[in-house]
Amino acid sequence: MRKLAFVLLCMLSSQCLGQELVKVAIGQGGNSLEALVTEIGQAGGVFGRHNLKLEIIYTAGAGETLQATISRSVDFGISIGTSGALSAGEKGAPIRVIGSTSVGSPVFWYVKGDSPIRDMSDIGGHTIGYSTRGSGTYAVAELARARVPTAKLVATGTIGATFTQVMTQQLDVGFATAEFAQKYLDDGSIRLISRDNDFDRIRRQSIRVFTAHVSVPEDRYRRFRAAYKETVDWIFSGDPAPIRMYAEAIKVSEARAKELADSFASKEMLDPSKVRGISLAIEDALAAKMIQSAPSEAQLSVLIIPEARE
């Protein structure tokens, strides 16, 4: 389990006495601002002000995060592909969607620097990676394959594992975040060919959400939602403290961290308040065969808490 250096350990501190310990799983943790919201909020005392102490566990992707939530290994799952959450809901999994983690997406797609592939229209007959089935990367890879049916989708796990497969020519097209790949883009090792947000329908929907196990009390998930939103607001408030934490986490200068945050994310993108474009997410989940039929209004009301409905 990876922890950021800046996270304050306070299990024995008087300020943490009485705080409720909750377990949180995050896919691709530490490789994007989206994945670092909870860590920044924890370090800045935001979750503590809501009487919550987080134990954060990283997974290889959204599929693992979802399974950890379903099995009650964790209380909350962060950055779960919306199609995966819909699929779990259709199967009656004991989870509830309590907010959005990314409206649109900061993820991009790349090839090795000397690859002949110039853009997504060239992926016919080539392999394209995604983290786990039901993840945001899976949803986008399926959209790419819908345009070029001869593309071959391959589950590749983490961003780091995907990068290794691209560089060793086991995989033609990989996915990454700017935080992970900036130095490789700068030195020409890899070349960006597409962004998730190049797909208009991705820009208009919550591509990833966060969930709670149904056993999590309503008061607790509401406090978690409130702390998460407060953290997002803080990150984009102009206060240098959260950007400093972000910079330390991804090992860049504060100026570079602010540049990445401004270029690849926004307060609107990370705002957890509402699950946006659910009808688009349902269409994509149907096309990818993640669900067998569109959920009814009653089923959506069970899966998504009222506060998170658009």
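Residues numbered from 1 in each chain as written. Predicted model: local features only at pLDDT ≥ 70, side-chain atom pairs only at ≥ 80, totals over all residues. Heavy atoms only, no water.

Visitor: Can you break down the environment of V214 residue by residue, with the values?
Guide: Following the sequence through the fold, V214 ends up in the loop between β10 (206-213) and α9 (218-235). Overall, V214 belongs to the partly exposed group, its relative accessible area being 46%. Sequence-wise, V214 and Q67 are 147 residues apart; in three dimensions their C-alpha atoms are separated by 14 Å. Apart from residues no more than four positions distant in its own chain, V214 is found in contact with P94, I95 and R96. (Helix = DSSP H or I, 4+ residues; strand = E, 2+ residues; numbered from the N terminus. Buried < 20%, exposed > 50% of the residue type's maximum accessible area, 1.4 Å probe, protein only. Contact = heavy atoms within 4.5 Å.)

Visitor: Which residues make up the packing of aromatic side chains, and what are the values?
Guide: Using the criterion set out here, one finds eleven aromatic pairs in the structure. Consider the rings of F224 and Y228, whose centres lie 6.4 Å apart with planes at 35°: the pair is tilted. Taken together, the residues F224 and Y228, both in helix α9 and four residues apart, mark about one turn of the helix. Here the two residues F224 and Y228 agree in accessibility, since each one is buried. Grouping aromatic residues by their ring pairs yields a cluster made of F47, F76, F210, F224 and Y228. (Phe/Tyr/Trp six-rings, centres within 6.5 Å; stacked < 30°, edge-to-face > 60°.)

Visitor: Got a sec to walk through helix α13 (residues 278-287)? Specific residues and values, please.
Guide: For an α-helix the count is 3.6 residues per turn, leaving residues at separations of three or four pointing the same way. Where α13 is concerned, the buried positions are I278, L280, A281, I282, D284 and A285. Taken together, the buried residues of α13 touch α4 (82-90), α5 (136-147), α8 (200-203) and α14 (297-303).

Visitor: Got a sec to walk through helix α1 (residues 33-43)? Specific residues and values, please.
Guide: Among the eleven residues that make up α1, eleven are buried, leaving the element largely enclosed by the rest of the structure. Inspection of α1 places L33, E34, A35, L36, V37, T38, E39, I40, G41, Q42 and A43 among the buried residues, and these make up the whole buried set.

Visitor: Give a description of the confidence of the model for the protein that names residues and reports values.
Guide: Looking at the protein, pLDDT values average 92 and 94% of them are 70 or higher. Scored below 50 in pLDDT, residues 1-15 makes 28 contacts in the model with residues more than four places away or belonging to other chains. (pLDDT = per-residue confidence, 0-100.)

Visitor: I'd like a description of the sheet that holds strand β9 (residues 190-195), backed by residues and values.
Guide: Working definition: the strands of a sheet are paired by backbone hydrogen bonds and lie parallel or antiparallel to each other. Taken together, the three strands give an open sheet; going across it, the order is β8-β5-β9, and neighbouring strands pair in antiparallel fashion. Looking at strand neighbours, the two that pair on one side only are β8 (174-176) and β9, the edges of this open sheet. The sheet shows a mean angle of 40° between the axes of neighbouring strands, direction not considered. Pairing analysis gives three bridges linking strand β5 (residues 108-112) to β8, with the strands arranged antiparallel. Along β8, the bridge assignment pairs W109 with F175. Helix α6 (residues 159-167) contacts β5, β8 and β9 of the sheet and is inclined by roughly 30° relative to β5. (Pairing = 2+ DSSP bridges. Axes fitted to C-alpha atoms, helices over the stretch in contact; angles between N-to-C directions.)

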